[in-house]
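The primary structure of each chain is shown beneath.
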Amino acid sequence: MAQKGNVAIVGRPNVGKSTLFNRIIKNRLSIVEDTPGVTRDRIYAFSEWLTREFLIIDTGGITLNNTAMFAQKIKMQAEIAIEEADIIIFVLSYKEGIAPDDEMIAKILYQTKKPVILVINKYDKQEKESELYEYMTLGFGEPIAVSASHGIGMGDLLDQVISYLDQIPVQSKTEGIHFSLIGKPNVGKSSLTNAILGEERVIVSPIAGTTTDSIDTVFKRNTQIYTVIDTAGIRRKGKIYEKLEKYSVIRTVSSIERSDLVLLIIDGKIPITDQDTNIAGIAFEQNKPIILVVNKWDAVTEKDDQSMQKIEKSIRGYFKYLNYAKMVFVSALEKKRLHLLFQTIDEVYDRLTQRVKTSVLNEILVKAQLLNPSPDFNGGRLKIYYATQPDSMIPTFIMFCNNPKYIHFSYKRFLENQIREYFAFDGVPMKILFRERK
Ligand code: GDP
Ligand code: GDP
């Protein structure tokens, strides 16, 4: 798993945080916009600079209810930045100089040992450098002057971000299968985590995760070692911020990042809502295999031998983009069917790490094309010469062909299905890429 790191933007309203955020993620926006359910009011995104990836968070988008005092909101955002980020970008406005609210934020940021990068935004014209010295009095070193709206100074800022990211010690990944439980409130994430850990031998409990509050627990079941990543501190509830939806989204993103696979917990006795599908969208966007776990199976009354299929069909209607995903029915309360859950986790992990033989892969593709040649599309007929499976987080296949322009999506799906069927890639997402052969 690649070490990514979290970068949070803080600052009082109107200094240009969201403009800066959008500027930083600009190159990636097209990818972001394609994802179901998660684009509205986006406050986080994975971004990249010089091949280094990081998660950028606009804390300005995390708000308390409207009755909260202005100062309280700013304070909360700064505290969340300290908790969730590895690096903090503290934004001020050149036009307005140092305001009392800036000083208030500075005081909160003095409490952290994490690197703080001082950014003076709205420095649209390269004015007298000497004027920037005033900001040194804040005690965060030399500021970086930028103009987020004009895209000036971004290289310097991102270079600085990367240099701090490179100093974060890389946590070596522990052995075994890493998974997290995600889902909307009250679906039974804590209950299920406790049911799982109550049954199994906990090896090291708990070890501190990368973020201050996340607690990972390593345990062994039969001979397999697992790490359950405690999303949003689900086993120690009650902190005020955790009730904020956007805050828990950030938590969820970080937990998913450290997972090999993700359990999306669904309450089997109530209908699916947008909140379920939005949370699934987060894991989907991060390219992690998802297992749909329908909890509270005990509470589903009037069960007959058709109910499971019926419920499965109705739930799948909401998660069309997860058609590969396995579904398991459990009861955390009665600790029932947990063995099926683990069986599924093991299978999915096994498929995830499966590597196919290149020679067999190519045989399959030759046969597939003989059996069902590609249709003419975009002025030509696709011809695949050979394919390989590179190392990747999820099964990925690169098809070298005459011209990627000729691929019709239905033919791509056909090829995917051929590979899935032949090599039994059940329960995992798959990526098929086309490259023109030189
Ligand atoms: P936030 O409340 O901190 O997220 O601030 P916004 O990103 O919403 O920006 C507040 C205002 O400042 C908007 O009208 C922006 O267009 C403007 N703004 C942002 N960056 C710059 C900049 O670099 N130069 C100038 N002149 N205006 C900017
Ligand atoms: P979380 O917010 O997703 O962590 O959900 P909790 O684990 O706190 O559970 C929310 C509520 O659902 C609690 O009242 C639990 O007792 C109840 N609950 C959790 N799992 C089950 C289950 O399998 N069956 C039933 N009937 N209730 C459950």
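Up top is the structure these notes are about.
This write-up is about the structure you can find in this document. (Residues numbered from 1 in each chain as written. Chains lettered and ligands numbered in written order. Predicted model: local features only at pLDDT ≥ 70, side-chain atom pairs only at ≥ 80, totals over all residues. Heavy atoms only, no water.)

**Thoughts on the site of ligand 1**
Next, step 1: Among the 15 residues in the neighbourhood of ligand 1, the closest are listed as Asn14, Lys17, Ser18, Thr19 and Asp124.
Next, step 2: For ligand 1, an oxygen atom lies 2.8 Å from a polar atom in the backbone of Asn14.
Next, step 3: Calculation on ligand 1 without its partners gives an accessible area of 580 Å², and the protein chains cover 69% of this total.
Next, step 4: The class makeup of the residues in the shell around ligand 1 is three nonpolar, seven polar and five charged. (Near = heavy atom within 4 Å. Polar contact = N/O pair within 3.5 Å; in protein donor to acceptor, adjacent residues only side chain to side chain. Areas by Shrake-Rupley, 256 points an atom, 1.4 Å probe, with all protein chains shown as cover. Nonpolar A, V, L, I, M, F, W, Y, C, P; charged D, E, K, R; others polar.)

**Remarks on the site of ligand 2**
Next, step 1: Around ligand 2, the structure places 16 residues, and the nearest of them are Asn186, Lys189, Ser190, Ser191 and Asp298.
Next, step 2: A distance of 3.4 Å is found between an oxygen atom of ligand 2 and a side-chain nitrogen or oxygen belonging to Ser331.
Next, step 3: Between an oxygen atom of ligand 2 and a main-chain N or O atom of Ala332, the distance comes to 2.9 Å.
Next, step 4: If ligand 2 stood free it would expose 580 Å²; the protein chains cover 75% of that surface.

**Looking at the nonpolar core**
Next, step 1: Counting 59 residues, the largest nonpolar core has Phe90, Leu109, Leu264, Leu292 and Phe319 as its most contacted members.
Next, step 2: Per-domain counts for this core show at least three residues from each of domain 1 (6-165) and domain 2 (177-352).
Next, step 3: With sequence-adjacent residues up to four places away left out, Phe319 is seen in contact with Leu264, Ile266, Ile272, Asp276, Thr277, Ala280 and Leu292.
Next, step 4: Grouped together as the second largest cluster of nonpolar side chains are 49 residues, Leu181, Ile196, Tyr226 and Leu382 included. (Core = buried A, V, L, I, M, F, W, Y, C linked by side-chain atoms within 4.5 Å. Buried < 20%, exposed > 50% of the residue type's maximum accessible area, 1.4 Å probe, protein only. Domains from an automatic or database assignment. Contact = heavy atoms within 4.5 Å.)

**Considerations on the sheet that holds strand S1 (residues 6-10)**
Next, step 1: Strand order in the open sheet made by the six strands is S2-S3-S1-S4-S5-S6, with mixed pairing throughout. Looking at strand neighbours, the two that pair on one side only are strand S2 (44-49) and strand S6 (144-145), the edges of this open sheet.
Next, step 2: Of the strands in this sheet, S1, S2 and strand S3 (52-58) touch helix H7 (residues 245-257), which is tilted by about 50° from S2. (Pairing = 2+ DSSP bridges. Helix = DSSP H or I, 4+ residues; strand = E, 2+ residues; numbered from the N terminus. Axes fitted to C-alpha atoms, helices over the stretch in contact; angles between N-to-C directions.)

**As for the sheet that holds strand S17 (residues 396-401)**
Next, step 1: Spatially, the three strands line up as an open sheet ordered S16-S17-S18, and their pairing is mixed. Each end of this open sheet is capped by a strand with a single partner; those strands are strand S16 (384-388) and strand S18 (431-436). Between one strand and the next, the sheet's axes are offset by a mean angle of 25°, whatever the strand orientation.
Next, step 2: Here six bridges tie S17 to S18, and the two strands are oriented parallel to one another. By the bridge assignment, Phe400 is partnered in S18 with Arg435.
Next, step 3: Across the sheet, helix H11 (residues 358-371) touches S16 and S17, and the angle it forms with S16 is around 145°.

**Points about the side chain of Lys4**
Next, step 1: Position of Lys4 among the secondary structure elements: in the segment before S1.
Next, step 2: You can call Lys4 buried: its relative accessible area is 15%.
Next, step 3: At 2.9 Å, the side chain of Lys4 forms a polar contact with the side chain of Glu53.
Next, step 4: Of note is the side chain of Lys4, whose polar atom sits 3.3 Å from the side chain of Glu257.
Next, step 5: Ignoring anything within four residues of it in the chain, the contact list for Lys4 reads Phe46, Arg52, Glu53, Phe54, Leu165 and Glu257.

**What to know about the pattern of salt bridges**
Next, step 1: For the structure shown, the criterion picks out 18 salt bridges.
Next, step 2: Taking the shortest distance from any N to any O, the salt bridge between Arg251 and Glu83 comes out at 3.8 Å. With Arg251 in helix H7 and Glu83 in helix H3 (residues 70-84), this residue pair connects regions lying 168 residues apart in the sequence.
Next, step 3: Relative accessible area serves as the criterion here: at 2%, Arg251 is assigned to the buried category.
Next, step 4: Where salt bridges share partners, they join Lys4, Glu53 and Glu257 into one cluster. (Salt bridge = Lys/Arg side-chain N within 4 Å of Asp/Glu carboxyl O.)

**What to know about the environment of Asn403**
Next, step 1: Along the chain, the position of Asn403 falls in the loop between S17 and helix H12 (409-423).
Next, step 2: Judged by its relative accessible area of 18%, Asn403 falls in the buried class.
Next, step 3: Dropping the residues within four chain positions of it, Asn403 is found in contact with Leu382 and Glu436.

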